[in-house]
Amino acid sequence: MKPPDAPDPRGLLLMLLSVFLFAANTLLMRALSLHLPAADGWMGILYRGSVGMLMVAALYGFGRGLSLKALVGSPLVATRGVIGALATAAFYVTIGTLGASRAVVLNLTYPIFATLIAAWWLKEKISRPALLWMLAGFAGLLAFVGGDATRSFSSWDLVALAGALGAGIVVVLIRKLRATEHAGTIYASQCFYSILFALPLRGDKVLELPAAGHLFLILAAAIVGVSQLVMTNAYRTLPVSQGSSIQMLLPVVTAAGAFLFFGERFTALELAGAALTLFATWRVAAGKKSPILPAAEPLSPVPADIVQIPDLPKP
């Protein structure tokens, strides 16, 4: 569907709602990491994969597009699932170690990596303005990760950036898979491999969780699923540039919540670096000649879930 020329109020409201829901998921996982260490990032991935698998089965199972055979029979689908699961795990794990705000900022650099990967793999051309914005984004990233003298660059920052790199690879894989695979299968691949990786690591700890742990992990998984669907519906009436601009409010909303609830703070240099990085990322992702995000593939702040369920069945 071609977005209308005039902004659609409903689309704007849905996009804003998705921002708050994504932020709520991140803040909830941060709270769990602080108050219930057993409900860590890998446990979150286990529940997220399980809830997501139930969701896609309900929407696309029983002959409506989901192919379970492709999850292991198609090398490209399996690769998308493996990298997507690991990238999302990297994001969830770093929420607990780096804090919600820092993890989100580092995670949102993935469109820059996706652009570079698409240029190498798909031979897509990078415009000069996009290249300059990418250089500015990396400069801002250096300022952000080194902007606090009391906290040096750590291995967890590398994990977060590796997750962003993985998310960039996933974007390119999804672009190739959309021509041959149903959206439900693409989505299910990440859920399936999330369960496959997390179950051996945390499966024996599930029964040890208190009732509140189960409740909040299921709630977090449901929130991120709903937020993805809300964002997808918003993009049906919003241009990519406008929608991705609104999505860049996610670090602001997350940082405000992290400051209010957890006392997380940034130095002036960190704030400046984060602002430059996020602005440059937006320019790369939402520019008119952006090589990475056509109208059907919106920018998602949750890396491995990009275009998980683009077409909802009619009620």
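Our subject is the structure listed above.
Residues numbered from 1 in each chain as written. Predicted model: local features only at pLDDT ≥ 70, side-chain atom pairs only at ≥ 80, totals over all residues. Heavy atoms only, no water.

Novice: Hey, could you run me through the packing of helix H5 (residues 100-107) against helix H12 (residues 250-262) in this one?
Specialist: The axes of two packed helices give the description: the angle between them and the distance between them. Closest axis-to-axis distance for the H5/H12 pair is 8 Å, and the angle between their directions is 165°. Here H12 runs roughly antiparallel to H5, going by the angle between their axes. Seen from above, H5 lies across H12 with left-handed handedness. Residues Ala-100, Ser-101, Val-104 and Val-105 of H5 form the contact with H12, whose own contacting residues are Leu-250, Pro-251, Thr-254, Ala-255 and Ala-258. When the residues that make up the contact of H5 with H12 are grouped by side-chain class, the tally is seven nonpolar, two polar and no charged. (Axes fitted to C-alpha atoms, helices over the stretch in contact; angles between N-to-C directions. Helix = DSSP H or I, 4+ residues; strand = E, 2+ residues; numbered from the N terminus. Parallel < 35°, antiparallel > 145°, perpendicular 65-115°, else oblique. Left-handed = near helix turned anticlockwise from the far one by under 90°. Contact = heavy atoms within 4.5 Å. Nonpolar A, V, L, I, M, F, W, Y, C, P; charged D, E, K, R; others polar.)

Novice: Mind showing me how you'd approach the side chain of Thr-26 here?
Specialist: With respect to the helices and strands, the residue Thr-26 is situated in helix H1 (residues 9-35). Sequence-distant contacts of Thr-26, defined by excluding residues within four places in its chain, comprise Phe-91, Ile-95, Ala-100, Val-104 and Thr-254.

Novice: In this structure, what is going on with the packing of helix H4 (residues 75-98) against H5? I would like to understand it.
Specialist: Two numbers describe how H4 lies on H5: the axes approach to 7 Å, and their chain directions differ by 140°. Looking at the two axes, H4 sits oblique to H5. Both H4 and H5 take part in a crossing whose hand is right-handed. Between H4 and H5, the residues in contact are Phe-91, Thr-94, Ile-95 and Leu-98 and Ala-100, Arg-102, Ala-103, Val-104, Leu-106 and Asn-107, respectively. Looking at the contact of H4 with H5 residue by residue, the class counts come to seven nonpolar, two polar and one charged.

Novice: What am I meant to see in the pattern of salt bridges here?
Specialist: Where charged atoms from two side chains of opposite charge approach closely, those side chains can pair. Evaluated as defined, the whole model comprises five salt bridges. Two residues, Asp-157 and Arg-102, come together in a salt bridge whose shortest N-O distance is 2.8 Å. Residue Asp-157 is located in helix H8 (residues 155-177), and its partner Arg-102 is located in helix H5; the two are separated by 55 residues in the primary sequence. Per residue, the accessibility class of Asp-157 equals that of Arg-102, and both read buried. A salt bridge links Glu-124 to Arg-175, with the nearest nitrogen and oxygen atoms 3.0 Å apart. With a gap of 51 residues between them, Glu-124 in the loop between helix H6 (110-121) and helix H7 (128-145) and Arg-175 in helix H8 connect regions that are remote in the sequence. One salt-bridge network, in which partners are shared between bridges, spans Arg-102, Asp-157 and Glu-270. (Salt bridge = Lys/Arg side-chain N within 4 Å of Asp/Glu carboxyl O. Buried < 20%, exposed > 50% of the residue type's maximum accessible area, 1.4 Å probe, protein only.)

Novice: Can you help me understand the nonpolar core in this one?
Specialist: Grouped burial of nonpolar side chains is what soluble globular proteins tend to show. Counting residues in hydrophobic clusters, the biggest one holds 54 residues, and the most contacted among them are Met-15, Met-29, Met-43, Tyr-92, Leu-106, Leu-209 and Leu-217. Of all the elements, H1 adds the most residues to this core, at nine residues. Leave out the neighbours within four places in its chain, and Tyr-92 touches Asn-25, Met-29, Gly-41, Gly-44, Ile-45, Arg-48 and Val-224. Among the nonpolar cores identified, the runner-up in size contains 16 residues, and Leu-71, Ile-174, Cys-191 and Leu-229 belong to it. (Core = buried A, V, L, I, M, F, W, Y, C linked by side-chain atoms within 4.5 Å.)

Novice: Honestly, the packing of aromatic side chains in this entry has me stumped. Any pointers?
Specialist: We describe a pair of aromatic rings using the distance from one ring centre to the other and the angle between the two ring planes. Per the stated rule, a full pass over the model turns up eight aromatic pairs. Ring geometry for Tyr-193 against Phe-197: centres 6.4 Å apart, planes inclined by 45°, an arrangement best described as tilted. Remark: Phe-197 and Tyr-193 occur in helix H9 (residues 183-202); sequence separation between them is four residues, near one turn of the helix. Classification of Phe-197 by relative accessible area gives partly exposed; the value is 25%. Aromatic side chains Phe-261 and Phe-262 sit 6.3 Å apart centroid to centroid with 55° between the ring planes, which places their arrangement in the tilted category. Residue Phe-262 is classed as partly exposed on the basis of its relative accessible area of 22%. An aromatic cluster is present here, built from Trp-133, Phe-279 and Trp-282 joined pairwise through their rings. The side chain of Arg-102 reaches across the aromatic face of Phe-144, ending 5.1 Å from its centre. For the cation-ring pair, Arg-283 lies above Trp-282, with the distance from its terminal atom to the ring centre recorded as 5.3 Å. (Phe/Tyr/Trp six-rings, centres within 6.5 Å; stacked < 30°, edge-to-face > 60°. Lys NZ or Arg CZ within 6 Å of the ring centre and 35° of its normal.)

Novice: Can you help me understand the side chain of Arg-102 in this one?
Specialist: Under the relative-accessibility criterion, Arg-102 is labelled buried at 1%. Here Asp-157 takes part through its side chain, which lies 2.8 Å from a polar atom of the side chain of Arg-102. (Polar contact = N/O pair within 3.5 Å; in protein donor to acceptor, adjacent residues only side chain to side chain.)

Novice: Even after reading the chapter, I still don't get a nonpolar patch on the surface, so can you show me in this structure?
Specialist: Nonpolar side chains collect at one region of the surface, where Leu-13, Leu-16, Phe-20, Leu-249 and Val-252 lie side by side and expose about 470 Å² of accessible area between them. Top element by residues in the nonpolar patch is H1. It accounts for three residues. Note that Val-252 resides in helix H12. (Patch = residues over 30% accessible without salt bridge, like charges linked within 9 Å, V, L, I, M, F, W, Y side chains within 5 Å. Areas by Shrake-Rupley, 256 points an atom, 1.4 Å probe, with all protein chains shown as cover.)

Novice: Which parts of the structure should I look at to understand H4?
Specialist: What sets the pattern is the α-helix's 3.6 residues per turn: residues three or four places apart point alike. Between its first and last C-alpha atoms H4 spans 33 Å; for 24 residues at 1.5 Å apiece the expected length is 34 Å, and the two agree. Of the residues one or two after H4, Gly-99 is the one with positive phi, at around 100°. (Expected span 1.5 Å × (residues − 1).)

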